[in-house]
Amino acid sequence: LMSRTDEKEKLNYQYVEGDIKWDSRATFVYPSVSCLAGLCAGMFGIGGGIVKGPLMLAMGIHPAVASATSACMILFTSFTATT
């Protein structure tokens, strides 16, 4: 992800609102918090979307995209819980 971001920077890619610039911090923080959210979801029964939704907003993702992504995560989580 970081190499693709570097390549976009070299080509003067114009980011739109909500695009993520994957720097070393974002590449470490987002997967770490996602793993922690999954652990809490499994141990305590809270939804991972409760943690990941605000995280995506803090990363600058467009609210509609963050909402749709959280809904998609909930769909797969609930599907696996019922099978």
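Reading guide: rules and limits
Residues numbered from 1 in each chain as written. Predicted model: local features only at pLDDT ≥ 70, side-chain atom pairs only at ≥ 80, totals over all residues. Heavy atoms only, no water. Helix = DSSP H or I, 4+ residues; strand = E, 2+ residues; numbered from the N terminus. Rg over C-alpha atoms; globule rule 2.2 N^0.38 Å. Buried < 20%, exposed > 50% of the residue type's maximum accessible area, 1.4 Å probe, protein only. Contact = heavy atoms within 4.5 Å. Areas by Shrake-Rupley, 256 points an atom, 1.4 Å probe, with all protein chains shown as cover. Lys, Arg positive; Asp, Glu negative; His and termini not counted. Charge placed at Lys NZ, Arg CZ, Asp CG, Glu CD. pLDDT = per-residue confidence, 0-100. Phe/Tyr/Trp six-rings, centres within 6.5 Å; stacked < 30°, edge-to-face > 60°. Lys NZ or Arg CZ within 6 Å of the ring centre and 35° of its normal.

Quick word on the overall build of the protein chain
Thinking step 1. The number of helices and strands found in the protein chain is four helices and zero strands.
Thinking step 2. Counted from the first residue to the last, the protein chain has its helices and strands arranged as α-α-α-α.
Thinking step 3. By the compact-globule yardstick of 12 Å for 83 residues, the protein chain is too spread out, its C-alpha radius of gyration being 15 Å.
Thinking step 4. Seen through its C-alpha atoms, the protein chain measures out along the principal axes to roughly 45 × 25 × 20 Å.
Thinking step 5. Across the 83 residues in the protein chain, those meeting the buried criterion constitute 18%.
Thinking step 6. Here the contacts in the protein chain between residues at least 6 apart in sequence split such that 27% fall between residues at least 24 apart.
Thinking step 7. When the accessible surface of the protein chain is totalled, it reaches about 6,100 Å², and 66% of it is carbon and sulfur.
Thinking step 8. Between the centroid of the 6 positive side chains of the protein chain and the centroid of its 6 negative side chains there is a distance of 5 Å.

A short note on the confidence of the model for the protein chain
For any part of a model where pLDDT is low, the fine detail of the predicted coordinates should not be relied upon.
Thinking step 1. This prediction gives the protein chain a mean pLDDT of 81; 94% of its residues lie at or above 70.
Thinking step 2. Taking the mean pLDDT of every element in the protein chain, the minimum, 79, falls on helix H4 (residues 63–82) and the maximum, 86, on helix H1 (residues 2–10).

Section: unusual backbone geometry
Thinking step 1. Within the chain, Asn12 stands out as a residue other than glycine whose phi angle is a positive 55°.
Thinking step 2. Position of Asn12 relative to the elements: it lies in the loop between H1 and helix H2 (24–44).
Thinking step 3. You can call Asn12 exposed: its relative accessible area is 58%.

Regarding the packing of aromatic side chains
For any pair of aromatic rings, the description consists of the separation of the ring centres together with the inter-plane angle of the planes.
Thinking step 1. Tallying each qualifying case throughout the model produces two aromatic pairs.
Thinking step 2. Between Tyr13 and Tyr15 the ring centres are 5.1 Å apart and the planes differ by 85°, which places this aromatic pair in the edge-to-face class.
Thinking step 3. The class for Tyr13 is partly exposed, based on a relative accessible area of 38%.
Thinking step 4. Note on Trp22 and Tyr30: the rings are 6.3 Å apart at their centroids and 70° apart in plane angle, and the pair reads as edge-to-face.
Thinking step 5. Of note, Lys8 hangs over the ring of Tyr13, and the distance from its end group to the ring centre comes to 4.9 Å.

Some thoughts on the side chain of Thr5
Thinking step 1. Here Thr5 shows up in helix H1.
Thinking step 2. Judged by its relative accessible area of 9%, Thr5 is buried.

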